[in-house]
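Residue-level structure breakdown
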Amino acid sequence: MVVVGSGLAGLTGAVVLARAGRKVLLVEQHYNLGGLATWFKRRGGHVFDVSLHGFPAGMKKTCRKYWSKEIADSIVRLDGIRFDNPQFRFDTEFTREDFVAKLQSVFGVEPAAIERFFAELARMDFYSDSGETVGELFERHFPGRNDVHRLLLEPISYANGSHLSDPAIAYGIVFGNFMASGVYTFSGGTDKLVKSMKAELERLGVHIRNRVQVDRILVERGRVRGVEAHGRVIACGAVLSNANLKATVERLVGREHFTSEYAESVAKVRLNNSSCQVYMGLREGESIPFVTDLLFTSTASRFDSLELCEMDTSSRTFSFYYPKTRPGLERYAIVASTNAHWSDWNLLSPAEYESRKALLVERTLESVEHYVPGVRGKIEHVEAATPRTFEFYVQSPEGTSFGTKFEGLKPSMTLHEQVRGLFHAGSVGIIMSGWLGAANYGVIAANKVDAWLHSLVEVEA
Amino acid sequence: MNREEIILAIKDIIQTIAPDEDLSELKTDVRLRDQIELDSMDFLDIVMELRKRYGVQVPEEDYKELATLDGCVAYLAPHMQGKTLKVGV
Ligand SMILES: Cc1cc2nc3c(=O)[nH]c(=O)nc-3n(C[C@H](O)[C@H](O)[C@H](O)COP(=O)(O)OP(=O)(O)OC[C@H]3O[C@@H](n4cnc5c(N)ncnc54)[C@H](O)[C@@H]3O)c2cc1C
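Residues numbered from 1 in each chain as written. Chains lettered and ligands numbered in written order. Predicted model: local features only at pLDDT ≥ 70, side-chain atom pairs only at ≥ 80, totals over all residues. Heavy atoms only, no water.

Regarding the site of the ligand
Residue and element names in this part refer to chain A. Rule in force here: The cutoff for a nearby residue is simple: one of its non-hydrogen atoms must lie within 4 Å of the molecule or strand. Within 3.5 Å is the distance limit for a polar contact, defined as a pair of N or O atoms, with the added protein rule that one can donate a hydrogen and the other accept it, and that residues adjacent in sequence qualify only through two side-chain atoms. Reported accessibility uses the Shrake-Rupley method at a 1.4 Å probe radius. Residues are deemed covered only where the shown protein chains occlude them. In this description a helix means any DSSP run of H or I spanning at least four residues, a strand means any run of E spanning at least two, and both kinds are numbered starting from the N terminus. Three classes are used: nonpolar for Ala, Val, Leu, Ile, Met, Phe, Trp, Tyr, Cys and Pro, charged for Asp, Glu, Lys and Arg, and polar for all others, with Gly counted as polar. Here the limits of each domain have been adopted from an automatic or database domain assignment.
Looking at the ligand, there are 36 residues lining it, with Glu28, Gln29, Leu36, Ser427 and Trp435 nearest. Take Ser51: an N or O atom from its main chain is 3.2 Å from an oxygen atom of the ligand. Contact between the ligand and His53: an oxygen atom at 3.0 Å from a main-chain N or O atom of the residue. Coverage of the ligand by the protein chains reaches 95% of its 1,000 Å² of free accessible surface. Residue assignment for the shell around the ligand shows that the elements contributing at least two residues are α1 (8-19), β14 (274-282), α15 (387-394) and α18 (434-460). Across the shell around the ligand, the residue classes break down as 17 nonpolar, 18 polar and one charged. When residues of the shell around the ligand are assigned to domains, at least three fall in each of domain 1 (2-29 + 212-270 + 402-460) and domain 2 (39-93 + 273-399).

Side note on the layout of surface pockets
Residues and elements named next belong to chain A. Just so we agree on the cut-off: Only protein atoms enter the 1 Å grid, on which a cavity is a set of points fitting a 1.4 Å probe that cannot get out and a pocket is an open set with protein on both sides within 12 Å along at least 5 of 7 lines, lining residues being those with an atom within 4 Å of a point. Grid points are joined across faces, edges and corners, and a volume is the space filled by probe spheres set on the points.
Estimated volume of the second largest pocket: approximately 500 Å³. Lining the second largest pocket we find 25 residues, and of these His30, Thr38, Trp39, Phe40 and Tyr393 sit closest to its centre. Contributing elements (two or more residues each) for the lining of the second largest pocket: β3 (39-42), β18 (379-385) and α15. Per-element accounting of the lining of the second largest pocket gives the leading share, five residues, to α15.

A short note on empty space enclosed by the protein
Residue and element names in this part refer to chain A. Per the counting criterion, the structure on display carries three cavities of 30 Å³ or more. Approximately 140 Å³ is the volume attributed to the largest cavity. For the lining of the largest cavity, the element with the most residues is strand β4 (residues 46-49), which contributes four residues. Among the residues making up the lining of the largest cavity, the classes are represented as eight nonpolar, four polar and three charged.

Comments concerning the domain arrangement of chain A
Residues and elements named next belong to chain A. Definition in use: Any two residues whose heavy atoms approach within 4.5 Å at even a single point are treated as in contact. Two parts lose some accessible area (1.4 Å probe) when they are put together, and adding that loss for both gives the buried area. Each salt bridge in this description consists of a side-chain nitrogen of Lys or Arg and a carboxyl oxygen of Asp or Glu lying within 4 Å of one another.
As assigned here, chain A comprises domain 1 (2-29 + 212-270 + 402-460), domain 2 (39-93 + 273-399) and domain 3 (95-181). Taken over C-alpha atoms, the centre of domain 2 sits 24 Å from the centre of domain 3. In this complex, domain 2 contributes 28 residues to the contact, which on the side of domain 3 involves 22 residues. Here domain 2 and domain 3 share an interface that buries about 2,200 Å² over both sides, 62% of which is from carbon and sulfur atoms. Taken together, the connections running from domain 2 to domain 3 amount to zero salt bridges.

Observations concerning the packing of aromatic side chains
All names here are of chain A. Inclusion rule: The rule is short: rings of Phe, Tyr and Trp, with Trp giving its six-membered ring, pair when the centres are within 6.5 Å, and they are stacked under 30 degrees, edge-to-face over 60, tilted in between. Exposed residues in this analysis have more than 50% of their type's maximum accessible area, buried residues have under 20%, and partly exposed residues fall in between, with area computed by a 1.4 Å probe over protein chains only.
Using the criterion set out here, one finds 29 aromatic pairs over all chains in the structure. Judged by centre distance (5.4 Å) and plane angle (20°), the ring pair of Phe55 and Trp435 falls under stacked. Separated by 380 residues along the polypeptide, Phe55 in the loop between β4 and α2 (58-66) and Trp435 in helix α18 bring together distant segments of the chain. No difference in accessibility class separates Phe55 from Trp435, as the two residues are buried.

Section: unusual backbone geometry
In terms of backbone geometry, most residues other than glycine have negative phi values and most peptide bonds are trans. Residues and elements named next belong to chain A. Unlike most non-glycine residues, Phe94 shows phi in positive territory, near 65°. Here Phe94 lies in the loop between β7 (89-92) and α4 (96-105). Classification of Phe94 as buried rests on a relative accessible area of 1%.

Some remarks on the packing of helix α10 (residues 245-253) of chain A against helix α11 (residues 260-268) of chain A
Two numbers describe a pair of packed helices, the interaxial angle and the distance between the axes. Residue and element names in this part refer to chain A. Cut-off, in case you're wondering: Between N-to-C directions, angles cover 0 to 180 degrees, with each direction set by a line fitted to C-alpha atoms, over the stretch in contact for helices. Working rule for angles: under 35 degrees goes down as roughly parallel, over 145 as roughly antiparallel, 65 to 115 as roughly perpendicular, anything else as oblique. In this scheme, a crossing is called left-handed if the near helix is turned counterclockwise away from the far one by less than a right angle; it is called right-handed if the turn is clockwise.
For the pair α10 and α11, the least separation of the axes is 10 Å and the interaxial angle reads 130°. Considered as vectors, α10 and α11 are oriented oblique to each other. When the axes of α10 and α11 are compared, the crossing they make is left-handed. Here Leu245, Lys246, Val249 and Glu250 of α10 come into contact with α11, specifically with Tyr262, Val266, Ala267 and Lys268. The class makeup of the residues in the contact of α10 with α11 is five nonpolar, no polar and three charged.

So this is what it looks like as structure tokens:
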């Protein structure tokens, strides 16, 4: 069988299938594995992580079960998480207990109201979608408390692109995993993680091909036949696509292979927003004191999902990377991330594009200087990434950072009912995105692929 | 496989998924989830292991049948007939 794409969903799907005894070929168009879970190096000894800002505690269990003890053991908790905006400013453990305590002590919310909110979230599951939005849910529990809404949604907006207008159900499912028991990171950096994963796949006999762009997924009489890359056909009994859902259906397979109802449902799936980042590397030998690990900052007086995505939003997260990120390497880096819209960036002329990037860099440097006085003089390398950058590197439509909105979940999960032997795994539906969501989705899809391959053998026998 | 063997087979699979759990006191008529920490991903692992070790295919709509050890025995008995127990793999 063939896995198309080596994001965390593709990688984890591949490892599970290899363990189940399947013959797996993993093809990735980029020269690295990892998809958005990636890093890059710059002259001067700088290493930057793109999406290693933090993930939920559950990643440890997932890595322990499907990867290795070594990988799981490198997962460590962040020491510091801070909010700083005109409505509130404090450090948090990022645990349920601490959020409850802060809601009482800082926001003055009645314990009973907090209890009711958490109890309702705990009751939410996939099958109880009432059609309510996140904003409506918040308004019902904490009416007029924009500051509370900000606390409850802002971190999740950065983690998966959620808006106040998204379904409450997606929020409820994510909240329980995410804002519960701290934020975790991978000690050693993304490069170490991806290299360990690659070694594990090779040990299990997975064939890995980088720099191979799959152009088509071939379908014959409603069943997958293989993939086409570089004009060559690779025949196989099953394909697990880790390419974006819409790209899989519309670009790689082609609408004509689906019922019109399904094709229309995919056409209607909305993509999540993209991101901008500013990477700042400190000169060798320079250092900064510990500020915090993750800083959610904004100067916007009120929380507003749309403001978060504006081109000149003042709402950003800073990830501070100290020598502990890559033990043994005495280096410091800071990465600022904002949410962003493809449509704001894709039409700019080359000159406009450069000047907007320069503005983004300047605003970010001003902001970081406020938290770490004197840091500007220590920064040797600085560069920006925009929705165009993400689109270019992982070929996700509109550079989406977090896959699709909620409605993408169903077509993703039912793809194999349209084309037998074809499965999808990768960020969709808000709940299946982020490192943990993508990895777990890889496992869920691998189970389906394995069942399909099992049924093929039974039929032939 | 008889009842005892099926229970052994399931427990052995659970032990590989949750190596830190003590399974010796598991009651057969109480939901597994209420006795040890098993989430929906863990159930998926049980299903995958059943397929791998015994060639038994549990369709998604039947996952709920595996909620208790008694449920596992009732559901799996016909599928496990004539199969040999594989533990510690
Ligand atoms: C700036 C940013 C910061 C983030 N921060 C965090 C964070 O701190 N914590 C967190 O949990 N999540 C974070 N995320 C989200 C997280 O990185 C993603 O949700 C997750 O990595 C997505 O994994 P995936 O498997 O869905 O797909 P992707 O990572 O998108 O991988 C898809 C892969 O498929 C390949 N591919 C696509 N088409 C083809 C083709 N035709 N042929 C061959 N290969 C193909 C691509 O090259 C890519 O490698 C962040 C994302 C961004 C953009």
